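Observations on the model geometry
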Amino acid sequence: MNPIKNLKYLLVMIKSEPLHHIKKLFDFLISFLLSVIKKSKIDYVIVIYTLGKSGSSSILSTLQRKFSIFNVYQLHFINCEYIRANHSGGFATRNIDKANKFLRIHSKNKKKYISLVREPVSREISSFYQNRQLYFKDVLSNDFKAINNLIESKGYDLALNWFDYELKNHLNFDVYSQQFDKTKGFSIYKLDSNTELMILRTDCINKIGIVAINKFLNTDIKQIKSANIGNNKSNSLYQKQLKSQFKISEKNLTKIQNSKFMNHFFKTEEIKSLYKN
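Below, the structure is looked at part by part.

When its secondary structure is counted, the protein shows 14 helices and five strands. Taken over 277 residues, the protein has a buried fraction of 48%. At a minimum sequence separation of 6, the contacts of the protein that also span at least 24 residues come to 71%.

Shown next as structure tokens:
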């Protein structure tokens, strides 16, 4: 990717949330120093492979501190064909470059993938506020009607179909053909001798995340480090207000409630309680 464009992207993100991104930079530097000082003892790479705004930053930060930034990666997309067909500009270029670099370096390594599941409406709200300065800077943070309409117009397709766009394509693994433990909130799958996958619901991270991660990685992490949490950002009040008054159209409500995504990962009563217009 063009270094100048990459720098512009970073500057926009820092400008939107300066304290938050300075803290993230500080955390990264600590993780980098720890990674240089101590050698990782694992013979595989950990890939947090999940759609953005699903809670991956906290797990990434925790695992990079525990292991190494050289063994723990975060990727939102690996299917470059999908990115090219559905996205443009800097977003597409950044994700394609990141995916190609990962595939080039780690194509033959053993991998443990972690994918997260978050219900689509709250994910879209978080995504809007995360990316407002990049793509929606003409929309005011407190113009809830405009934001509501913008999110509704997109139809939640990416959140509902990401597992088909990505895991099914890249890992040749159909999530929906396998059972998911809705009670525990996570399941672990062995794809082949070199590849394992854990799927974890975002809303279960605080309750069962440590147990799930320690079981999957055979480790002893004591706490998941908070990072990129919406409640810690300057727009958290706006997010809470929007969530409290968000209106889903009947068309989108039916689409979400009947989707294979929701019915595979959530119980029927959970789906009903999530969406009450």
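Moving on to the sheet that holds strand S2 (residues 72-75). Strands sit in the order S2-S1-S3-S5-S4 across an open sheet of five strands; the sheet is mixed. Two strands in the sheet have a free side with no partner beyond their single neighbour: S2 and strand S4 (186-192). The sheet shows a mean angle of 20 degrees between the axes of neighbouring strands, taken without regard to direction. Summarising the sheet, strand S1 (residues 45-49) and S2 pair through four bridges and their orientation is parallel. Paired with Ile-48 across the bridge in S2 is Gln-74. Of the strands in this sheet, S1, strand S3 (111-117) and strand S5 (195-201) touch helix H8 (residues 157-165), which is tilted by about 160 degrees from S3.

Moving on: the pairing of S4. As judged from the six bridges shared by S4 and S5, these two strands associate in the antiparallel manner. Looking at the pairing, Tyr-189 lines up with Leu-197 of S5. Connecting S4 to the next strand, S5, in antiparallel fashion are two residues.

Moving on, we get to the nonpolar core. One broad trend across soluble globular proteins is that nonpolar side chains are buried collectively. Counting residues in hydrophobic clusters, the biggest one holds 50 residues, and the most contacted among them are Tyr-49, Phe-163, Ile-199, Phe-261 and Phe-265. Sorting elements by how many residues they give to this core places H8 first, with five residues. For Ile-199, the residues in contact, after removing those within four places along its chain, are Ser-115, Val-117, Phe-163, Val-175, Phe-180, Gly-185, Phe-186, Ser-187, Tyr-189 and Phe-265. Counting 21 residues, the second-largest nonpolar core is a separate cluster that includes Tyr-44, Ile-59, Leu-60 and Ile-114.

Per the counting criterion, the structure on display carries eight salt bridges. Of the charged contacts in the structure, one is a salt bridge between Arg-123 and Glu-124, with a shortest N-O distance of 3.0 Å. Across the pair, exposure class does not vary: Arg-123 and Glu-124 are buried alike. As a salt-bridge pair, Asp-164 and Lys-260 come within 2.7 Å of each other at their nearest N and O atoms. Residue Asp-164 is located in helix H8, and its partner Lys-260 is located in helix H13 (residues 260-265); the two are separated by 96 residues in the primary sequence. Taking the relative accessible area as the measure of exposure, Lys-260 reaches 43% and is therefore partly exposed. It is possible to trace a salt-bridge network through shared partners that takes in Arg-123, Glu-124 and Lys-154.

Taking 1.5 Å of rise per residue, 18 residues should cover 26 Å, and helix H5 (residues 89-106) covers 26 Å from first to last C-alpha, within 8% of that figure. Within the span of H5, buried status applies to Ala-92, Arg-94, Asn-95, Ile-96, Ala-99, Phe-102 and His-106.

We now examine the environment of Lys-190. Within the secondary structure, Lys-190 is located in strand S4. With 78 residues separating them along the chain, Lys-190 and Lys-112 place their C-alpha atoms 9.3 Å apart. Not counting the four nearest positions on each side in its chain, Lys-190 is found in contact with Thr-195 and Glu-196.

What counts, and at which threshold
Residues numbered from 1 in each chain as written. Predicted model: local features only at pLDDT ≥ 70, side-chain atom pairs only at ≥ 80, totals over all residues. Heavy atoms only, no water. Helix = DSSP H or I, 4+ residues; strand = E, 2+ residues; numbered from the N terminus. Buried < 20%, exposed > 50% of the residue type's maximum accessible area, 1.4 Å probe, protein only. Contact = heavy atoms within 4.5 Å. Pairing = 2+ DSSP bridges. Axes fitted to C-alpha atoms, helices over the stretch in contact; angles between N-to-C directions. Core = buried A, V, L, I, M, F, W, Y, C linked by side-chain atoms within 4.5 Å. Salt bridge = Lys/Arg side-chain N within 4 Å of Asp/Glu carboxyl O. Expected span 1.5 Å × (residues − 1).

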